[in-house]
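Close look at the chain arrangement
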Amino acid sequence: MIARILKDLGRINGVNGSLVVGKDGLIIETEVPSDIDSELVAAMSSAVFGTAERSAEEMKHEPLEQVMIEGNRGKTLMIDAQEGILVLITDVDINLGLIRIEMRRSAERLRDLLT
Amino acid sequence: MKVSVYGAGNQDLYVNQLKLPEKYGGVPPYGGSRMAIEYAQAGHEVYLAEPNRAMLEDEHWKIVEDAGVTVTADDAEAAKNAEIAVLFTPFGKKTFEIAKEITKHIPENGIIANTCTVSPIVLYYVLERELRRDRKDIGIASLHPAAVPGTPQHGHYVIGGHSSSDLDIATEEQIQKCLQLAESCGKDAYIVPADVSSAVADMGSLVTAVTLSGVLDYYFVGTQIIKAPEEMVEKQILMTLQTIASLVESSGVNGMLKAMNPELLIKSAKSMHLLEEQEELDAALNTLERLDDKVKTWVEKGTIQPTNLVAAQALAKELQNLMGETAAEGTIRRCMRKMFE
């Protein structure tokens, strides 16, 4: 079921890969290109999201919803899925609004599946 | 109880290299095969999984089978028949592969127990994905024989219980089952925190015993003779232990020896001889003053690698503070796993 969600996200234009990772960095499901180390990305996502969550707390902006890492050659988006984090790896030029809506929808479904 | 033991034990090592019969007594077969025999003699239904028949002589296999142990080369078959699967295999990749195979076949609420010098927590971390995703019912414990099974010294087991952190890798019922198995063989059973078991069982106990006596000596001298504040004495103990541990981790024993410089250490430690009776220090100085040429070669070979002298608990707290408890726990677990990969 989780694999299905990632496959659906992969069909969106500009999405190159996706993962669902536990908040502790353990991979729950992965759909990433073979040149990406999914174990490492999972660990990094956990660290980035956890640190962003703590920062949001300190700045009284909690609860954290999304994190975006914007690079010259692509973007990484992360959204809270309660027990886990949904991570999307995309091109630079993407329809950010559409992707965010789809990520929110997927995160809702993941919340039910992960609890 | 249904028990499966993995690994018969290397009899060539025990009999010909370590010369256990002459030095310690007992008769072969030693090791995992002896544990299987003892479990069977205690009335349990026992499998011994060993793919390599050459591990034991034919006469030893006969002793095993005559005791009522079912011998198999099939790890999965043994797992299907185990309430407790005991790993008497050298710690490393092969053991992890066997353990992963066991998770696929062991009946509900089964226990995988390791017997070697690494913490059952590490075994849990290695199997974490399988355990959390597919088999939350499996418990990870340890049944350290704390001596070579078959020698008269094997009178007790060290069992990993609840860990000193919040992570519980086995239920109380599963821990008690290990205790019952040990006691059914007429052995004493000691339950210690799972993450402490490797330090007080088997070969780790050698380092722990010598270190502990040094720590107690310094603690006594520091608090009772010098009358320094307890907290200060504890911090100095901590700093020393961390220095040794960090250097061994980064540079190995040879590199640590080079950094410590035994000659210098002897001179410094002698000045800490503040009482008439400091037997631990006397023994340590005696050993260090008689280091043979082999040790001197180790020092020469040693390279001191870049080392972070990290206060592990302070670092863990800082990680928790920066990235939250769950992400920090994951980071700590990955570090533990990497240390043994």
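Every chain is numbered on its own, with residues counted from 1 as its sequence reads. In the order they appear in the text, chains get letters beginning with A and ligands get numbers beginning with 1. In keeping with the model being predicted, local features are shown solely for residues with a pLDDT of at least 70 and side-chain atom pairs are shown and tallied solely at 80 or more, while totals for entire chains, interfaces and linings include all residues. As a convention, hydrogens and water are excluded, and side-chain values are obtained from all of the structure's heavy atoms.

Topic: the overall build of chain A
When helices and strands are tallied, chain A shows three helices and five strands. Per the convention used, a helix needs a DSSP run of H or I reaching at least four residues, while a strand needs a run of E reaching at least two, with both numbered from the N terminus. Seen in sequence order, chain A has helices and strands lined up from the N terminus as α-β-β-α-β-β-β-α. Its C-alpha atoms give chain A a radius of gyration of 13 Å, within 12% of the compact-globule value 13 Å for 115 residues. Principal-axis analysis of the C-alpha atoms places the extent of chain A at approximately 35 × 35 × 25 Å. What the globule rule says is 2.2 Å times the number of residues to the power 0.38, and the radius of gyration is computed from C-alpha atoms.

What about the overall build of chain B?
The helix and strand inventory of chain B stands at 16 helices and eight strands. For 341 residues, the compact-globule estimate of 2.2 N^0.38 gives 20 Å, and the C-alpha radius of gyration of chain B, at 22 Å, lies within 12% of that figure. Principal-axis analysis of the C-alpha atoms places the extent of chain B at approximately 60 × 55 × 40 Å. For each residue, the accessible area found with a 1.4 Å probe, counting protein chains only, is set against the maximum for its type, and the residue is called buried under 20%, exposed over 50%, and partly exposed in between. Classification of the 341 residues of chain B by burial places 42% in the buried group. Note on definitions: a residue-residue contact is assigned when non-hydrogen atoms from the two residues lie within 4.5 Å. At a minimum sequence separation of 6, the contacts of chain B that also span at least 24 residues come to 69%. All accessibility values rest on the Shrake-Rupley procedure with a 1.4 Å probe; residue burial counts only the protein chains present in the view. On chain B, roughly 18100 Å² of surface is accessible, and the fraction owed to carbon and sulfur atoms is 55%. Residues scored as charged are limited to Lys and Arg (positive) and Asp and Glu (negative), so that His and the chain ends carry no count. Every charge is mapped to an atom, namely NZ of Lys, CZ of Arg, CG of Asp or CD of Glu. Charge separation in chain B, taken as the distance between the mean sites of 32 positive and 48 negative side-chain charges, equals 6 Å.

Brief notes about the sheet that holds strand β5 (residues 84–90) of chain A
All names here are of chain A. The pairing criterion for strands is at least two bridges between them, as found by DSSP. Reading across from one edge, β2-β1-β5-β4-β3 is the order of the five strands in this open sheet, with antiparallel pairing throughout. Across the chains shown, the open sheet's two edge strands, defined by having one partner strand only, are β2 (27–31) and β3 (66–70). Pairwise comparison of adjacent strand axes, ignoring direction, gives a mean angle of 15 degrees for this sheet. Examined bridge by bridge, strand β1 (residues 15–22) and β5 share seven bridges and lie antiparallel to one another. For helices, the axis comes from a line fit to the C-alpha atoms of the stretch in contact; other axes are also lines fit to C-alpha atoms, and the angle between any two N-to-C directions lies between 0 and 180 degrees.

Structural notes on the state of the cysteines
A pair of sulfur atoms, both from cysteines and within 2.5 Å, is called a disulfide here. The final tally for this structure, using the stated rule, is zero disulfides over all chains. Here B:Cys185 is not cross-linked by a disulfide; its sulfur's nearest cysteine counterpart is in B:Cys178, at 12 Å.

Observations regarding the interface of chain A and chain B
Listed per partner, the contact involves 13 residues of chain A and 14 residues of chain B. Once two parts are put together, the accessible area they lose, assessed with a 1.4 Å probe and summed over both, is termed the buried area. When chain A packs against chain B, close to 1100 Å² is buried across both sides, 48% of that on carbon and sulfur atoms. A per-residue breakdown of the area chain A buries against chain B is headed by A:Asp24, A:Leu26 and A:Arg54, which together make up 50% of the total. Any Lys or Arg side-chain nitrogen found within 4 Å of a carboxyl oxygen on Asp or Glu counts as a salt bridge. Seen at the junction of chain A and chain B, the total is three salt bridges. N or O atoms within 3.5 Å of each other form a polar contact, as long as, within protein, one can give a hydrogen and the other can take it, and as long as residues adjacent in sequence are counted only when both atoms are side-chain atoms. Connecting chain A to chain B are five residue pairs in polar contact (both at pLDDT 80 or more). Every element with two or more residues in the side of chain A that touches chain B is listed here: β2 and α2 (38–58) of chain A. Residue contributions to the side of chain A that touches chain B peak at seven residues, all from α2(A).

Here's the deal with the packing of helix α10 (residues 204–225) of chain B against helix α11 (residues 230–260) of chain B
Residue and element names in this part refer to chain B. Contact geometry for α10 and α11: axes closest at 9 Å, N-to-C directions at 150 degrees. What the angle tells us is that α10 and α11 run roughly antiparallel. Handedness of the α10/α11 crossing: right-handed. The residues of α11 that touch α10, namely those facing Thr211, Val215, Tyr218, Tyr219, Gly222 and Thr223, are Glu230, Val233, Glu234, Gln236, Ile237 and Leu241. Class assignment for the residues of the contact of α10 with α11 results in six nonpolar, four polar and two charged. For classification purposes, an angle smaller than 35 degrees is called roughly parallel, one larger than 145 roughly antiparallel, one from 65 to 115 roughly perpendicular, and anything else oblique. Note on convention: near helix rotated counterclockwise from far helix by under a right angle means a left-handed crossing. Clockwise means right-handed. When residues are grouped by polarity, Ala, Val, Leu, Ile, Met, Phe, Trp, Tyr, Cys and Pro land in nonpolar, Asp, Glu, Lys and Arg in charged, and all others, Gly among them, in polar.

Details of helix α12 (residues 262–270) of chain B
Residue and element names in this part refer to chain B. Along α12, the residues classified as buried are Pro262, Ile266 and Ala269. For α12, the angular spread of the buried residues around the axis is 75 degrees, confining them to a single face. Exposed residues lying more than 90 degrees from the buried face of α12 are Glu263 and Lys267. Summarising the geometry, the arc corresponds to the directions from the helix axis toward the C-beta atoms.

Some remarks on the nonpolar core
Residue and element names in this part refer to chain B. Here, the term nonpolar core denotes a set of buried Ala, Val, Leu, Ile, Met, Phe, Trp, Tyr and Cys residues that are joined through side-chain atoms within 4.5 Å. Counting 33 residues, the largest nonpolar core has Tyr39, Leu48, Ile84, Val86 and Leu143 as its most contacted members. Excluding residues within four positions of it along the chain, Leu48 makes contact with Val5, Gly7, Ala8, Gly32, Ser33, Ala36, Trp61, Val64, Val69, Thr70, Val71 and Thr72. The next biggest cluster of nonpolar side chains, apart from the first, holds 27 residues, and it includes Ile102, Leu123, Val126 and Ala194.

Focus: the domain arrangement of chain B
Domain limits in this description derive from either an automatic procedure or a database domain assignment. Along its sequence, chain B is organised into domain 1 (2–200), domain 2 (204–308) and domain 3 (311–341). For domain 2 of chain B versus domain 3 of chain B, the distance between C-alpha centres works out to 27 Å.

Let's talk about the pairing of β2(A)
Residues and elements named next belong to chain A. Summarising the sheet, β1 and β2 pair through four bridges and their orientation is antiparallel. In the sheet register, Ser18 faces β2, and the bridge partner there is Glu31. Linking β1 to β2, which pair antiparallel, is a turn of four residues; within it Gly25 sits at a positive phi near 95 degrees.

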